[in-house]
Amino acid sequence: MRISSHTRFLAVVLLGWAPWLVPVTQAADAPPSYQLQYLGVGSPAALNGNNVVVGSRLSGNNYQPLVSVGGAPWTPLPVPAGAMSTFPTDVNDSGVIVGVSYSTQWVASAVRWKNPGSGYVVEMLPRLPGDASSYATNINNLGQIVGARNALGYVPTGTGWLYSDAGGLVDIYA
């Protein structure tokens with residue numbers, strides 16, 4: 001008996017699908033379940049693996065940075081002295097938060113929030129020599145922060161940099 005090419009294709013397709021045809025008792029773990037939690041007025045920006053959410057809310061014409069730990073309502077984060085608008089952009093699994101703060105002259109400065117146990121403390125991150133601004137975009141679980149050298153409004157622009165306490169500030173473009 002001759003098997004047509006159409007039948008061979010169908011057999012290959014069915015054999016290819018066979019791994020997915022398993023009894024329910026052999027199926028993978030159940031999908032994760034989620035719970036909706038209202039944190040208050042604000043927009044989330046990032047979430048870490050330990051249920052820390054960072055975000056901001058518009059207060060007048062300026063952004064106010066916020067944090068929620070374990071589903072608790074938003075708590076305002078401190079801002080640098082003289083800041084006009086400040087917001088977080090990322091948080092790592094240790095709860096270290098990075099973001100950007102704008103002066104009243106619209107100069108962007110990269111910031112980092114740490115919680116030494118008595119609440120969050122904000123610090124300005126260093127800038128590359130000759131740069132008037134900086135914008136922190138992400139932080140990893142090693143504490144390495146990446147960002148941009150400039151900002152156009154609230155959007156990071158320009159070449160990048162890398163910062164860590166151990167390695168200092170590095171110009172990625174160089």
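Treat the numbers as computed from the prediction; the structure is a model and nothing was measured.

Caption draft 1: A look at the layout of surface pockets. The calculated volume of the largest pocket comes to roughly 260 Å³. The wall of the largest pocket is formed by Ser33, Tyr34, Gln35, Leu36, Gln37, Leu39, Leu47, Asn51, Val53, Ser68, Gly70 and Gly71. Here the lining of the largest pocket is built from residues that sort into five nonpolar, seven polar and no charged.

Caption draft 2: Spotlight on the pattern of salt bridges. What the rule picks out here adds up to five salt bridges. Across the pair Glu123 and Arg112 runs a salt bridge, and its minimum N-O distance is 2.8 Å. With Glu123 in strand β8 (residues 121–124) and Arg112 in strand β7 (residues 108–114), the pair connects residues that are eleven residues apart, well separated along the chain. Judged by relative accessible area, Glu123 falls into the partly exposed class, the value being 31%. Note on Arg112: relative accessible area 4%, which makes it buried. What emerges from the salt-bridge pattern is a single network uniting Arg112, Lys114, Glu123 and Asp165.

Caption draft 3: Quick peek at the pairing of strand β5 (residues 83–91). Among the nine residues of β5, seven are classified as buried, and the element is accordingly described as predominantly covered. Sheet topology places β5 next to strand β6 (residues 97–103); seven bridges connect them, and they run antiparallel. Its bridge partner lying in β6, Ala83 is registered against Ser103. In this structure, the hairpin formed by β5 and β6 is closed by a connection of five residues, where Gly95 is found at a positive phi of approximately 85°.

Caption draft 4: Region of the structure containing the packing of aromatic side chains. Scanning the model with the defined rule gives four aromatic pairs in all. Look at Phe87 and Tyr102: their rings are 6.5 Å apart centre to centre, the planes differ by 25°, and that puts the pair in the stacked class. Here the residue Phe87 occupies a position in strand β5, and Tyr102 occupies one in strand β6, the gap between them amounting to 15 residues. On the basis of relative accessible area, Phe87 is assigned to the buried category, the value being 12%. Owing to a relative accessible area of 1%, Tyr102 belongs among the buried residues under this scheme. On the basis of an interplanar angle of 70° and a centroid distance of 6.3 Å, the ring pair of Phe87 and Tyr135 is categorised as edge-to-face. Taken together, the residues Phe87 in strand β5 and Tyr135 in strand β9 (residues 135–139) connect sequence positions 48 residues apart. Taken together through their ring pairs, the aromatic side chains of Tyr63, Phe87, Tyr102, Trp106 and Tyr135 make up a single cluster.

Calculation rules
By convention here, each chain's residues receive numbers from 1 onward along its written sequence. In keeping with the predicted nature of the model, local features appear solely for residues at pLDDT of at least 70, side-chain atom pairs appear and are counted solely at 80 or more, and the whole-chain, interface and lining totals rest on all residues. The basis for every side-chain value is the complete set of heavy atoms in the structure, and neither hydrogens nor water enter the calculation. Residues are said to line a cavity or pocket when one of their atoms sits within 4 Å of a point; the points come from a 1 Å grid over protein atoms alone, cavities being sets where a 1.4 Å probe fits but cannot get out and pockets being open sets with protein on both sides within 12 Å along at least five of seven lines. Grid points are joined across faces, edges and corners, and a volume is the space filled by probe spheres set on the points. In the scheme used here, Gly and all other residues not listed as nonpolar or charged are polar, with Ala, Val, Leu, Ile, Met, Phe, Trp, Tyr, Cys and Pro taken as nonpolar and Asp, Glu, Lys and Arg as charged. The salt bridge definition used is simple: a Lys or Arg side-chain nitrogen within 4 Å of an Asp or Glu carboxyl oxygen. Runs of E in the DSSP output that reach at least two residues are strands. Runs of H or I that reach at least four are helices, and both are numbered from the N terminus. A 1.4 Å probe rolled over the protein chains alone gives each residue an accessible area, and that area as a share of the maximum for its type sets the label: buried under 20%, exposed over 50%, partly exposed in between. At least two DSSP bridges between two strands are required for those strands to pair. Only Phe, Tyr and Trp rings are paired, with Trp represented by its six-membered ring, and only when their centres lie within 6.5 Å; those with planes under 30 degrees apart are stacked, over 60 edge-to-face, the remainder tilted.

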